[in-house]
Amino acid sequence: MSTHAPRQAPEGPGPLVYGDVSTRRAWRQGPQWFAEHYHDAADQVIEFLAGDGIELGGKRVADIGCGDGIIDLGLVHRAAPHRLVGFDLQATDEELLLRMAVESGAADSLPENLEFQACGETELPAETGAFDVVVSWSAFEHIEDPISQLREIRRVLADDGILFIQVWPFYDSEHGSHLWGWYPEGFAQFLHSDDEIDAKLRAENFGDPGWSDRMLDIFHTLNRVGVDALHRSLLAAGFHVAKAELITNAVHIPPALAHIPLSVLGIGGVKLLARPR
């Protein structure tokens, strides 16, 4: 039995390409989660694109791994694309999205130019060249076959289109396990065996064994792609990276990991723009 004081249910990962819409937790419906994605994440996408003179206004936009759709609602409200389609393995729960938007004072209805569709693991139900801009936020660490997914993105992207990808956290980084609610000190994926991690999450399930099981499934299915592997995948799929911003912070490195390159441990994520070659 743990002797630690009870903690709040841990924060989970961002929108997933393999997200399970039916098991969204109450913490995702809170005002902080909504604000972080409707305002902060959407603004980061808009600002990163604007730094290269790229605007979403009047554009055909797709979001790969849209999850609960909050970022997409923020993009539509502030960037005014002609059309934005959010894709995920299960179509976004629009009733839940609207309820969160109403409770947060962001909207009393969903915009007509915002829609959501279910997609396959490497297939998008869209015509070739259907989009001017494709975005993806905190999804590519969960995609089993990044090259195939990127090739499909290349197919649906116009020849003069732009791809924005944000990934955080990479598997080898401090919080790459996605289990920071259980391991706030970080690097659980290196410091603990899979059996130890399984046992801890099942013992400390915050009153919801199903959520612990869900997070364990996420942990065990992470693709472990780092920034260089992501770059190679983009090249193989017919893209070149036009701009990149590494996401880093001060990291305390345990002695047991001192032999691992800093470029592996210290790069938490990336934001990038890529163009078709």
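Just so it is clear, the structure is predicted and the values come from calculations on it, not from any experiment. (Residues numbered from 1 in each chain as written. Predicted model: local features only at pLDDT ≥ 70, side-chain atom pairs only at ≥ 80, totals over all residues. Heavy atoms only, no water.)

**Focus: the sheet that holds strand β3 (residues 114-118)**
Point 1. Strand order in the open sheet formed by seven strands is β3-β2-β1-β4-β5-β7-β6, and the pairing between neighbours is mixed. Two strands in the sheet have a free side with no partner beyond their single neighbour: β3 and β6 (239-248). Strand after strand, the sheet turns through a mean of 15° between neighbouring axes, direction not considered.
Point 2. The sheet contact formed by strand β5 (residues 157-167) and strand β7 (residues 267-276) spans five bridges and is antiparallel. Residue pairing in the sheet places I165 in a bridge with L272 of β7. (Pairing = 2+ DSSP bridges. Helix = DSSP H or I, 4+ residues; strand = E, 2+ residues; numbered from the N terminus. Axes fitted to C-alpha atoms, helices over the stretch in contact; angles between N-to-C directions.)

**With respect to the side chain of S177**
Point 1. You can see S177 is positioned in the loop between β5 and α5 (188-191).
Point 2. Here S177 is in contact with Y171, A188, Q189, F219 and L222, once residues within four sequence places are set aside. (Contact = heavy atoms within 4.5 Å.)

**Thoughts on the nonpolar core**
Point 1. Counting 32 residues, the largest nonpolar core has L49, L75 and F164 as the members making the most contacts within it.
Point 2. Not counting chain neighbours up to four residues away, the residues in contact with F164 comprise V45, F48, L49, V134, V135, S136, W137, K271, L272 and L273.
Point 3. Residues A126, F131, V156 and A274 belong to the second largest nonpolar core, which totals 29 residues. (Core = buried A, V, L, I, M, F, W, Y, C linked by side-chain atoms within 4.5 Å. Buried < 20%, exposed > 50% of the residue type's maximum accessible area, 1.4 Å probe, protein only.)

**Focus: the pattern of salt bridges**
Point 1. Applying the stated criterion across every chain, the model contains 10 salt bridges.
Point 2. R78 is the salt-bridge partner of D43, the closest N and O atoms lying 2.8 Å from each other. On the criterion of sequence distance, the pair formed by D43 in helix α1 (residues 31-50) and R78 in helix α2 (residues 70-79) is long-range, its members being 35 residues apart.
Point 3. Residue D52 is joined to K243 by a salt bridge in which the shortest nitrogen-to-oxygen separation is 2.7 Å. (Salt bridge = Lys/Arg side-chain N within 4 Å of Asp/Glu carboxyl O.)

**A look at helix α8 (residues 227-236)**
Point 1. Every buried residue of α8 is listed here: L230, S233 and L234. Along the axis of α8, the buried positions cluster into a sector of 100°, meaning they face one direction only. Residues of α8 that are exposed and point more than 90 degrees away from the buried face comprise D228 and R232. (Arc of directions from axis to C-beta.)

Function cannot be read off these values alone, since they describe shape.
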